[in-house]
Amino acid sequence: MPLWLALCVILGILIGTFYANHFSGNRLNIINSGSNRLNNLLHVIDDQYVDSVNMNDLVEKAIPQILAELDPHSTYISAKDVQAANDDLRGSFSGVGIEFVIRKDTVHIQNVIEGGPAENAGLQAGDKIVSVDDEKFVGEIVTNEEAMRRLKGPRGTKVKIGVMRYHQTDVKYYTVTRDDITTSSISATYMLDNVTGYIKIKNFGENTWGEVLSSLAQLESEGFERLVIDLRDNVGGYMTSAIQIADEFLPRNCRIVYTEGRKQPRQEFMSTGKGSYQKIPLVVLINEGSASASEIFAGAIQDNDRGTVIGRRSFGKGLVQQQMDFADGGLIRLTIARYYTPSGRCIQKPYTDGKDRDYEEDLLQRYQRGEYFSQDSIKHTGPAYHTRIGRTVYGGGGITPDIFVPEDTTDVTSYYKEAAMSGLILQFAFEYTDENRDKMKSIKSMKDLLSYLKRQNLVEQFANYAEKNGLKRRNLMIQKSHSLLDKYINSRIIYNMLDEQAWMEYLNIDDPTVAKALKVLRANEAFPKKE
């Protein structure tokens, strides 16, 4: 009898398993019950779908779609893209040490990092890369991603690079030993006048605080008594870096920022009073490209009435992401909280979900309704708050500057727009640099190079070049936009021949926002007063 009972149980299990495997695919309750629906769905697809499915690829495509339903800033980064996503914020990567651009399906070396592996091996700005490790590297295969994949690599590894040099017909080969390349989050540090220092921060990375302290020490050695911090087009980065830098300027026990989320209790970040620059007159520059950590810093300075914020309304990103790693090397950056400025305002602009079209097109809509040109066009969607001394500030959509500086479109024409947006100006500037590199390589200062370029009639040269490349010549428009064309062309050649600092110094010469900052500082009006 026990033997027969055991056989019946086994038979029942086998019959049940047979029916479960062959008929349960039509029963949605397997998928729809409990919190494991997604796992169950993937299991059913893997088990019963008509064709074979690469489940890893399916999950890789599904994760971004799921996160996209949450908010605009929760995101998934695959394992192959993690290094590139983190390099800028880490402040270093391992590679050959060049800046490059792609022109006509070919990698052109734009700059060689001083003292880096490429310079030590003999590579020069202007070289065209035609092969990597004896494999041809020109044509449709050439992309930014593919070039970085081939040139970056672990420290100490070697890469053989074949280049064509200007006016030479033979390919030259250089073996470069990859090394750690340091990248700076500071674009420029220099004196605007005898007593006014200027620091341009392009992002907030792991090393930004230390870099800012070095910049401040440099300016101190040059006798600065007041400061402009330029955060225009700084898309943010690490909140910690913004807090550390704000702490350098704020007196003790000032709130810098606080965060709070559904599962994240309120966490406040206060100034320590240990900063060395608590009393220096300060102006912060922002625009619609300033986001996240930039807004934390600008909001802390504004709400504590520590300095004057000048420019245009910032982007409006007030969501905090936490990075979570997968075992395969991929990661997600999941929004876990909102951050709030000292006065209590959340400056996150409105959104409905991650696929909100209005959110994606917000900057375009601001432009179309005239916000870039008139302060009266700024649309405040949040409530009013008040700074320490009672000034009114608004939440719900970025940091509104204390002093508005409109975008100047006086000399913009359709010819200029097409020349800029088509890439023709960049292309002309690069080719001009290549053809005249030998003439200009002995010029080491921005002012001397600008003096040389002013004598070259570059706008006329560009108009001829553009006409040959499909942009119809419009003499009246060229005349109206002459100063804009001249500035754009000069700026790119200066960048190609010198560096980012020289480029910023040139762009700031007649920049209206920088001019307004200087005017405020010279009038001793950097510290806000009660309204």
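None of these values were measured; they are calculated from a predicted model.

Q: Mind laying out the overall build of the chain, listing which residues take part and the relevant values?
A: Scanning the chain from terminus to terminus reveals 20 helices and 21 strands. Dimensions along the principal axes, computed over C-alpha positions, put the chain at roughly 105 × 70 × 45 Å. The buried share among the 531 residues of the chain stands at 47%. If you take every contact in the chain between residues at least 6 apart in sequence, the share linking residues at least 24 apart comes to 69%.

Q: Got a sec to walk through unusual backbone geometry? Specific residues and values, please.
A: In this structure, Asp133 takes a positive phi of about 55° despite not being glycine. Topologically, Asp133 is positioned in the loop between strand S5 (128-132) and strand S6 (135-136). Even without glycine at this site, Asn457 takes up a positive phi of about 50°. The topology assignment puts Asn457 in the loop between helix H15 (446-454) and helix H16 (458-468).

Q: So what's going on with helix H9 (residues 239-247)? Residues and values would help.
A: Of all nine residues that make up H9, seven are buried, and the element is covered over most of its length. Listing the buried residues of H9 in full gives Met239, Ser241, Ala242, Ile243, Ile245, Ala246 and Asp247. In the core, the buried residues of H9 are packed alongside helix H8 (208-221), strand S13 (255-260), strand S14 (267-270) and helix H10 (293-303).

Q: Run through the packing of aromatic side chains, naming residues and quoting values.
A: Throughout the structure, instances matching the rule amount to 15 aromatic pairs. Between Tyr76 and Phe326, the ring centres sit 6.1 Å apart and the planes meet at 55°, which makes this aromatic pair tilted. In this pair, Tyr76 is assigned in strand S1 (residues 75-77) and Phe326 in the loop between strand S17 (319-325) and strand S18 (331-340), connecting sequence segments 250 residues apart. Here a set of aromatic residues connected by ring pairs shows up, and it is made of Phe224, Phe249, Tyr277 and Phe297.

Q: Help me get a handle on the sheet that holds strand S15 (residues 282-286), residues and values and all.
A: Here we have six strands laid out as an open sheet, ordered S10-S11-S12-S15-S16-S21, and mixed in their pairing. Two strands bound the open sheet, and with one partner strand each, they are strand S10 (186-191) and strand S21 (403-404). In this structure, strand S16 (residues 308-311) lies alongside S21, joined through two bridges in parallel fashion. Looking at S21, one finds that Gly311 is bridged to Phe404. Seen against the sheet, helix H20 (residues 512-522) touches strand S11 (196-201), strand S12 (226-230), S15, S16 and S21 and runs at an angle of roughly 160° to S15.

Q: Go over the pairing of strand S7 (residues 158-164), please, and point to the residues and values.
A: Of the strand pairs in this sheet, S5 and S7 are connected by four bridges, and their pairing is antiparallel. Its bridge partner lying in S7, Lys128 is registered against Met164. What sits between S7 and strand S8 (residues 171-177) in their antiparallel hairpin is a turn of six residues, with His167 showing a positive phi close to 70°.

Q: Which residues make up the nonpolar core, and what values do they have?
A: Ranked by size, the top nonpolar core spans 40 residues in total, and within it Leu227, Phe249, Val284 and Phe297 carry the most contacts. The element best represented in this core is H10, accounting for six residues. Not counting chain neighbours up to four residues away, the residues in contact with Val284 comprise Ile229, Leu231, Phe297, Ala298, Ile301, Thr308, Val309 and Ile310. With 32 residues, the next largest nonpolar core counts Ala420, Ile425, Tyr465 and Ile494 among its residues.

Q: Give me the lowdown on empty space enclosed by the protein, citing residues and values where you can.
A: In total, this model carries one cavity of 30 Å³ or more according to the counting rule given. Taken as a whole, the largest cavity holds about 30 Å³ of empty space. In this structure, the largest cavity is lined by Arg313, Lys379, His380, Thr381, Gly382, Tyr394, Gly395, Gly396, Gly397, Gly398 and Thr400. Across the lining of the largest cavity, the residue classes tally to one nonpolar, eight polar and two charged.

Q: Outline the pattern of salt bridges, supporting the account with residue identities and numerical values.
A: Evaluated as defined, the whole model comprises 31 salt bridges. Ionic pairing is found between Arg391 and Asp305, a salt bridge with its closest N-O pair at 2.8 Å. Note that Arg391 is positioned in the loop between strand S19 (384-386) and strand S20 (392-394) and Asp305 in the loop between H10 and S16, a separation of 86 residues in sequence. In this structure Arg391 comes out as buried when scored by relative accessible area, which is 7%. One connected set of salt bridges, linked through shared partners, spans Arg313, Lys349, Asp362, Arg366, Arg369 and Glu371.

Q: How would you explain the environment of Leu450 if you had to name every residue and give the values?
A: Topologically, Leu450 is positioned in helix H15. Judged by relative accessible area, Leu450 falls into the buried class, the value being 13%. For the pair Leu450 and Ser491, spaced 41 residues apart in the sequence, the C-alpha separation amounts to 9.0 Å. Not counting the four nearest positions on each side in its chain, Leu450 is found in contact with Asn490, Tyr506 and Ile509.

Q: I'd love a proper account of the layout of surface pockets, names of residues and values included.
A: Here the second largest pocket defines a volume of roughly 1600 Å³. Forming the boundary of the second largest pocket are 43 residues, of which Glu407, Tyr416, Lys487, Leu507 and Asp511 lie nearest the centre. Of the residues belonging to the lining of the second largest pocket, the class tally is 17 nonpolar, 10 polar and 16 charged.

Q: Tell me about the pairing of strand S4 (residues 106-112), and name the residues and values.
A: Of all the seven residues making up S4, six are buried; the element is thus mostly covered by neighbouring parts of the structure. Across six bridges, the pairing between strand S3 (residues 98-103) and S4 is antiparallel. Each bridged residue has a counterpart across the sheet, and for Phe100 the counterpart in S4 is Ile109. With antiparallel pairing between neighbouring strands as the criterion, S3 and S4 make up a hairpin whose turn holds two residues, including Lys104 at a positive phi of roughly 55°.

Q: Residue-level account of a nonpolar patch on the surface, with values.
A: A cluster of nonpolar side chains, namely Leu38, Leu41 and Ile66, defines an oily patch on the protein surface of about 240 Å² accessible area. Along the chain, Leu38 turns up in helix H3 (residues 37-48). On the basis of relative accessibility, which here comes to 46%, the residue Leu38 falls in the partly exposed class.

Q: Provide a residue-level description of the side chain of Asn508, including the pertinent values.
A: Among the structural elements, Asn508 can be located in the loop between helix H19 (500-507) and H20. For Asn508, a relative accessible area of 6% translates into the label buried. Of note is the side chain of Asn508, whose polar atom sits 3.1 Å from the side chain of Tyr198. Ignoring anything within four residues of it in the chain, the contact list for Asn508 reads Tyr190, Tyr198, Arg232 and Val514.

What counts, and where the lines are drawn
Residues numbered from 1 in each chain as written. Predicted model: local features only at pLDDT ≥ 70, side-chain atom pairs only at ≥ 80, totals over all residues. Heavy atoms only, no water. Helix = DSSP H or I, 4+ residues; strand = E, 2+ residues; numbered from the N terminus. Buried < 20%, exposed > 50% of the residue type's maximum accessible area, 1.4 Å probe, protein only. Contact = heavy atoms within 4.5 Å. Phe/Tyr/Trp six-rings, centres within 6.5 Å; stacked < 30°, edge-to-face > 60°. Pairing = 2+ DSSP bridges. Axes fitted to C-alpha atoms, helices over the stretch in contact; angles between N-to-C directions. Core = buried A, V, L, I, M, F, W, Y, C linked by side-chain atoms within 4.5 Å. 1 Å grid on protein atoms, 1.4 Å probe; cavity = no way out; pocket = protein on both sides within 12 Å on 5 of 7 lines; lining within 4 Å. Points joined across faces, edges and corners; volume = space filled by probe spheres on them. Nonpolar A, V, L, I, M, F, W, Y, C, P; charged D, E, K, R; others polar. Salt bridge = Lys/Arg side-chain N within 4 Å of Asp/Glu carboxyl O. Patch = residues over 30% accessible without salt bridge, like charges linked within 9 Å, V, L, I, M, F, W, Y side chains within 5 Å. Areas by Shrake-Rupley, 256 points an atom, 1.4 Å probe, with all protein chains shown as cover. Polar contact = N/O pair within 3.5 Å; in protein donor to acceptor, adjacent residues only side chain to side chain.

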